[in-house]
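Structural overview for review
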Amino acid sequence: MSLLDVQHVEVSYNDRPVVHDVSFHLEPGEILGIVGESGSGKSTMLRAAMGLLGNSGAVTRGSIYYKGQEITGAGADEIRRLRGPSMGMIFQDTGASLCPVRSIGDQLCETVRQHEKVSREEVKNRALELFGKMRLEDGDRILNSYPFELSGGMSQRVGIVMSMVLKPDLLFADEPTSALDVTVQAQVVREMMKMRELYGTGIVIVTHNIGIVEYMADKIAVMYQGRILEYGKTEEIIRHPQEKYTKKLLDSVLRINRG
């Protein structure tokens, strides 16, 4: 059974289609990279799966399945139940998505307690364990910090911890490195890969940078103007692109050395 199965999905805002007939699937522990320029519909697909399209957006055709369960049009309570323990998300700017007047530890504790009856100490221990696995040795300081006290790179790493503290099977990453310098981009990418290694997490990452998904992904979907132009194994698309647009993306690759 696929972890995520997207079948012929159309997404509309105010009754105007912006994503057209998109299909892909993700197996447990697999990484899919969705690439394309701004406005191509990449982030919209993630938001459709997470139920975050807002009042003006809707899946108007097709179906989205999580572990065989159709979640297209699921009620708010059902989607909230899935977010966190089943599906996590890293946003483009984690710092902006956090409450500015509450500490990271408080917000992390609230996130976990929405789904589990656990003590604050247990939440702290889980977070420190994840920080340790990400080689962040000042976890206590981070938990006691407010979002504005963290750098952009540190905020994104906190975003990984917050999305993974409930160990979801599926992680969505929406342009998680676009606001970071190249060195920090590499750190964040490697830490997402570490989550797959540790927990077998399936990941869908959207980005305009095909070099990042060349490093990370098992499969690539290339989107342009709301449609998928190419979809398949990463190595095949990187070596033998069929579309002019894909070739254009490959001409501007940022490569991250493994190791």
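Residue numbering note: each chain is counted from 1, following its sequence as written. At least 70 in pLDDT is required for a residue's local features to be given in this predicted model, at least 80 for side-chain atom pairs to be given and counted, and no such filter applies to totals for whole chains, interfaces and linings, which use all residues. Processing note: side-chain calculations cover all non-hydrogen atoms of the structure and skip hydrogens and water entirely.

The next point concerns the environment of aspartate 93. Under the scheme used here, helices are H or I runs from DSSP no shorter than 4 residues and strands are E runs no shorter than 2 residues, and both carry numbers assigned from the N terminus. Mapped onto the elements of the fold, aspartate 93 is located in the loop between β6 (87-90) and α3 (94-97). Residue classification places aspartate 93 among the partly exposed positions, given a relative accessible area of 45%. Expressed as a C-alpha distance, the spacing of aspartate 93 and glycine 68, which sit 25 residues apart in the sequence, is 31 Å. Residue burial is assigned from relative accessible area. The probe radius is 1.4 Å, only protein chains are included, and a residue is buried under 20% of its type maximum, exposed over 50%, and partly exposed in between.

The term disulfide is used for any two cysteine sulfur atoms that are within 2.5 Å. Enumeration according to the criterion identifies 0 disulfides in this entry. Unpaired in terms of disulfides, cysteine 99 finds its nearest cysteine sulfur in cysteine 109, a separation of 14 Å. A residue is classified by how much of its surface remains accessible, and cysteine 99, at 29% relative accessible area, is partly exposed.

Now for the sheet that holds strand β10 (residues 227-233). Strand order in the open sheet formed by 6 strands is β6-β7-β8-β3-β9-β10, and the pairing between neighbours is mixed. Pairing within the sheet leaves two strands with one partner each, and these edge strands are β6 and β10. Neighbour-to-neighbour, the strand axes of this sheet turn through a mean angle of 15 degrees, independent of strand direction. Both strand β9 (residues 219-224) and β10 contribute to a ladder of 6 bridges, which runs antiparallel. Looking at the pairing, alanine 221 lines up with tyrosine 231 of β10. The pairing criterion is simple: DSSP has to find at least two bridges between the two strands. Inter-axis angles, ranging from 0 to 180 degrees, are taken between N-to-C directions of lines fitted to C-alpha atoms, where helices are fitted over the stretch in contact.

Here threonine 234 lies in helix α10 (residues 234-239). As for threonine 234 and threonine 201, which are separated by 33 residues in sequence, their C-alpha atoms are 18 Å apart. By definition, residues are in contact when any of their heavy atoms lie within 4.5 Å. Sequence-distant contacts of threonine 234, defined by excluding residues within four places in its chain, comprise Val213, Glu214, Ala217, Asp218, Lys219 and Ile220.

What follows deals with the packing of aromatic side chains. Stacked, tilted and edge-to-face are the three classes assigned to paired rings of Phe, Tyr and Trp, where Trp is represented by its six-membered ring and a pair needs centres within 6.5 Å; plane angles under 30 degrees give stacked, over 60 edge-to-face, the rest tilted. Following the criterion strictly, the structure yields 2 aromatic pairs and no others. Ring plane angle 15 degrees and centroid distance 6.1 Å describe the contact between tyrosine 146 and phenylalanine 148, whose orientation is recorded as stacked. Tyrosine 146 sits in the partly exposed class, given a relative accessible area of 32%. For phenylalanine 148, a relative accessible area of 64% puts it in the exposed group. On the numbers, 4.7 Å between centres and 40 degrees between planes, the contact of tyrosine 224 with tyrosine 245 is tilted. One end of the pair, tyrosine 224, is in strand β9; the other, tyrosine 245, is in helix α11 (residues 244-250), with 21 residues separating them in the sequence. For tyrosine 224, a relative accessible area of 30% puts it in the partly exposed group.

Let us look at the sheet that holds strand β1 (residues 4-13). Read from one edge of the open sheet, 4 strands run β2-β1-β4-β5, paired in antiparallel fashion. With one partner strand each, in any of the chains shown, β2 (16-26) and β5 (69-70) form the two edges of the open sheet. Relative to β2, β1 runs antiparallel, the two sharing 7 bridges. By the bridge assignment, valine 6 is partnered in β2 with phenylalanine 24. Where helix α1 (residues 42-50) meets the sheet, it contacts β1, β2 and β4 (57-66), and its direction lies at approximately 105 degrees from that of β1.

Okay, the environment of glycine 54 next. Tracing the sequence through the fold places glycine 54 in the loop between α1 and β4. As for glycine 54 and valine 11, which are separated by 43 residues in sequence, their C-alpha atoms are 12 Å apart.

Turning our attention to the nonpolar core. Leu108, Phe131, Ile160, Met192, Ile205 and Met216 are the most contacted members of the largest nonpolar core, which totals 50 residues. Core analysis: the second largest hydrophobic core is formed by 29 residues, Val11, Leu32, Ile64 and Leu82 among them. Only buried residues count toward a nonpolar core. Its members are Ala, Val, Leu, Ile, Met, Phe, Trp, Tyr and Cys residues joined through side-chain atoms within 4.5 Å.

Residue histidine 8 is not a glycine yet carries a positive backbone phi of 50 degrees. Tracing the backbone through its elements, the reader meets histidine 8 in strand β1. Judged by relative accessible area, histidine 8 falls into the exposed class, the value being 51%. The residue aspartate 21 is not glycine, and still its phi comes out positive at about 50 degrees. Position of aspartate 21 relative to the elements: it lies in strand β2.

A word on helix α4 (residues 104-113). Of all the positions in α4, only Ile104, Gly105, Gln107, Leu108, Cys109 and Val112 are classed as buried. Next to the buried residues of α4 lie α5 (120-133), α6 (139-144) and α7 (152-164).

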